[in-house]
Each structure stands twice: as structure tokens, then as C-alpha cells.
Amino acid sequence: MDFSIFERKNCEIQFQEVLALNGVRIFIKREDQVHPQISGNKFWKLYFNLKNYLETKPENPMVISFGGAFSNHISALSFAAKNLSIKSLGLIRGEELSAKFQENPTLKFAEENGMQLRFASREIYRRKDILSEKLQREFPDALIIPEGGTNEAAVLGVKMMLDERTKHFDYLCCAVGTGGTLAGISRFAETHQKVLGFPVVKDDSLKRKIAELSGRENFKMIPADFGGYGKISDEVVNFINDFYQRTKIPLEPVYTGKMLLKIFQLAEENYFPKGSEILAFHTGGLQGISGANAFLQRKNRPQIKFCQ
């Protein structure tokens, strides 16, 4: 298998200062730049999952995973599988999507990459352990990757988001969905660094899951759901548009937009000690903007103005 699609240099990723306020400086690390389709943290979370699997030389290589209607993980995995010349299957939350998935830019992109799509009701989708067992029996040679790509291999991949340039920062920040990125940053952070995770979903099991994967207690969770997972508020959209006007950095409204908005609010409230330097990781996901704007347009609400 040709794994060259993943041969990227982390040192090419840009750092940019985006705010100086109340004696603190906030920087962003542009993980969205690592690859145009396998974007941000998905690149690193898939790296060892796919590399380790392909090194076993499976007879019938195939990858299977789970995601919602606008899943960055499904989008990235479908593209990676296509370029690695292996089959892929996505188990998608929401059986109502089966009749209209071609209208969904994320799912249409995944299918165009050759991913087979199956749709499950939300009730069945929640039982992913049972679904995984059934799929493994159906496809015994397949690699089944958890929702969001979060597992031990993903945590090891996230280590590559940290390097010599990240070591001096006082705070390391990332948005939290399934928790793998925060777990990796927490595990491999320097001893002096505080790690902040900004969950965009309400899930009481997240902290325990992250602690188990991290093995450390150096992280804190600060909710940044702004109305709930997948909900897009006008406040977040207006922040994203203003942020782009000032910095020329695009954000998306489910993860990075909410995280940066919350970090800015914390800085205004003097949460960070004077002299602190904060690093926020841009975890990509810009592919979801077109779907978000289509939804906002139907509701006659403000849209994200910049083009991808």
C-alpha cells in the first residue's frame, strides 16, 4: 500500500497570534493546514490506525467507522481509504438520511470517494458496541475505527501535534468531541503546561474516558456547547465572521469556532494569569461549512461569509 498521502511535515503548519488582551497572548496552531481533505486532528488520529492496520497486510483490506450527517471523521476517512485503495464503510446516524444523502455535501463527498453508506436510527446507533460486533463478523478482515477515530492509536497520533514549538506555552487548548485529541495533548504535554478541553457536546462520560486514555490529571474541561452539539448560534457565526475579518483564519461552527469564542471570553474575564501564553489547536473540519450555511440559509439566519 502507498502510504505517501500521510507523509506530511508537522513543521510546515503555521502558528499565528490572534489576540493580546489583559496581559495574555493567544496563538492558534493551524492543524487545518496539514491536508486539504484529511483535515486537522483527523489526519493524526487516522495516521497510526491506518498505518498499523495496513502493516498487518490484511487479505481483504477495509475500514469501517461511524459518524453523523456532517462528520469530519467520515469525510476524512473516505478520502484516505480511496487514496490507499482500500474499501470503506460508514455507519451513519439517522435513517431518515438514506433517501436524501445526496443533498448532504459531506455524505455525497464520502460516497464519491467510494465509501459504502449504511444508515441507522439514533436508537440503534447508540449501541455501537453491538453494531461493531455485527460488522466485524460480516467483514472479518476489516479495521473498525470508533466514532471520531478515538482510541489508543489516535492518542499516539495526536502526539505529533506537539513539537519543540509548542513546549513553551502555558496553556494548550482544543475543542472536544469524542475526546481523543484532548487525551493525546494531555498525555504528551510538558509538566508545566495546563491543558484545557472545550467540550461541544454534553456527555458525562467524557472526562472519565479522556482520563483513561491520557493517564494524567493535567486537564480541565470547560463547556463550550453554545446551545448544544451541532447547534449553530448567531453568536458563534458572528464571531467566526469577525475573527476571519481580523485574522484571515477560517473557523467552523461546531468545534473551533465555539472553542475560540470561549477562550476569548475567558481572556476578557481575566481567567488566565497575566503573562500567560495560550495555544489553541485548529482541528480542521472546514468541510462542514457548506452544509452549515445551507442550513442557515433555509432558516434565513446569518451565514459564514468567507469561502473555503
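- The annotation that UniProt attaches to the chain under Sequence similarities (unreviewed entry) is "Belongs to the ACC deaminase/D-cysteine desulfhydrase family."
- The Cofactor (unreviewed entry) comment attached to the chain in UniProt states, word for word, "pyridoxal 5'-phosphate".

1. Observations regarding the UniProt feature "active site" (unreviewed entry) in the chain
Inference 1: Here, UniProt's "active site" (unreviewed entry) annotation points to S71.
Inference 2: Here S71 is to be found in the loop between β3 (62-67) and α2 (72-83).
Inference 3: Taking relative accessible area as the criterion, S71 reaches 12% and is therefore assigned buried.
Inference 4: If we skip the residues at most four places from it in the chain, S71 touches T106 and Q287.
Inference 5: A polar side-chain atom of S71 sits 3.0 Å from the main-chain amide nitrogen of I74.

2. Focus on helix α10 (residues 256-268)
Quick reminder: α-helices carry 3.6 residues per turn. Residues three or four places apart thus point the same way.
Inference 1: Between its terminal C-alpha atoms α10 stretches 18 Å, which fits the 18 Å expected from 13 residues at 1.5 Å a residue.
Inference 2: Of all the 13 residues making up α10, 12 are buried; the element is thus mostly covered by neighbouring parts of the structure.
Inference 3: Looking at the buried residues of α10, the elements they touch are β1 (15-21), β2 (24-29), β7 (171-176), β8 (194-199), α9 (234-247) and β10 (277-281).
Inference 4: Phi for N270, located one or two positions after α10, is positive at around 60 degrees.

3. Focus on the packing of aromatic side chains
Inference 1: Inspection of the entire model under this criterion finds 13 aromatic pairs.
Inference 2: Pairing Y47 with F48 gives two aromatic rings, centres 4.9 Å apart and planes at 85 degrees, and the pair type is edge-to-face.
Inference 3: A residue is classified by how much of its surface remains accessible, and Y47, at 10% relative accessible area, is buried.
Inference 4: A connected cluster of aromatic rings, assembled from ring pairs, spans F15, F27 and F169.

4. Describing the sheet that holds β2
Inference 1: The mixed open sheet is built from 6 strands, whose spatial order is β1-β2-β10-β7-β8-β9. One side of each edge strand has no neighbouring strand; the edge strands of this open sheet are β1 and β9 (219-221). With strand direction ignored, the average angle separating the axes of adjacent strands in the sheet is 25 degrees.
Inference 2: Summarising the sheet, β8 and β9 pair through 3 bridges and their orientation is parallel. Pairing of V195 across the sheet is with F219, part of β9.

5. Topic: the nonpolar core
Inference 1: Ranked by internal contacts, the top residues of the largest apolar core, which has 52 residues, are F6, I38 and L50.
Inference 2: Elements represented by at least two residues in this core include exactly α1 (41-55), α2, α3 (105-112), α6 (152-158), β7, α7 (180-188), α8 (206-214) and β10.
Inference 3: Here this core gets 7 residues from one element, more than from any other, and that element is α1.
Inference 4: Residue assignment places this core across two domains, with domain 1 (4-36 + 158-299) and domain 2 (42-145) each supplying three or more.
Inference 5: Apart from residues no more than four positions distant in its own chain, I38 is found in contact with I5, F6, F43, L46, A76, F79 and A80.
Inference 6: Within the second largest apolar cluster, 40 residues are counted, among which are V24, I26, V237 and L296.

Definitions and limits used
- Note on numbering: residues in each chain are counted from 1, in written sequence order.
- Confidence filtering applies because this is a predicted model: local features only for residues at pLDDT of at least 70, side-chain atom pairs given and counted only at 80 or more, and all residues used for totals across whole chains, interfaces and linings.
- The side-chain quantities take in all heavy atoms of the structure and omit both hydrogens and water.
- UniProt positions are given in the numbering used here, feature names are shortened, and annotations may be inferred rather than shown by experiment.
- Put simply, DSSP H or I for four residues or longer makes a helix, DSSP E for two residues or longer makes a strand, and each gets a number counted from the N terminus.
- Here the term buried applies to any residue with accessible area under 20% of the maximum for its type, exposed to any over 50%, and partly exposed to those in between, with areas from a 1.4 Å probe on protein chains only.
- Between two residues, a contact is recorded if the distance between any of their heavy atoms is within 4.5 Å.
- By the criterion applied in these results, polar contacts are pairs of N or O atoms within 3.5 Å in which, for protein atoms, one can donate a hydrogen and the other can accept it, and in which residues neighboring in sequence qualify only through two side-chain atoms.
- Multiplying 1.5 Å by the helix residue count minus one yields the expected span of that helix.
- In this analysis, rings of Phe, Tyr and Trp, with Trp reduced to its six-membered ring, are considered paired at centre separations within 6.5 Å, and the interplanar angle assigns stacked below 30 degrees, edge-to-face beyond 60, and tilted for intermediate values.
- The pairing criterion is simple: DSSP has to find at least two bridges between the two strands.
- To obtain each axis, a line is fitted to C-alpha atoms, and for helices this fit is confined to the stretch in contact; angles are then taken between N-to-C directions over 0 to 180 degrees.
- In plain words, nonpolar cores are sets of buried Ala, Val, Leu, Ile, Met, Phe, Trp, Tyr and Cys residues tied together by side-chain atoms within 4.5 Å.
- Each domain's limits were defined by an automated method or a database of domain assignments.

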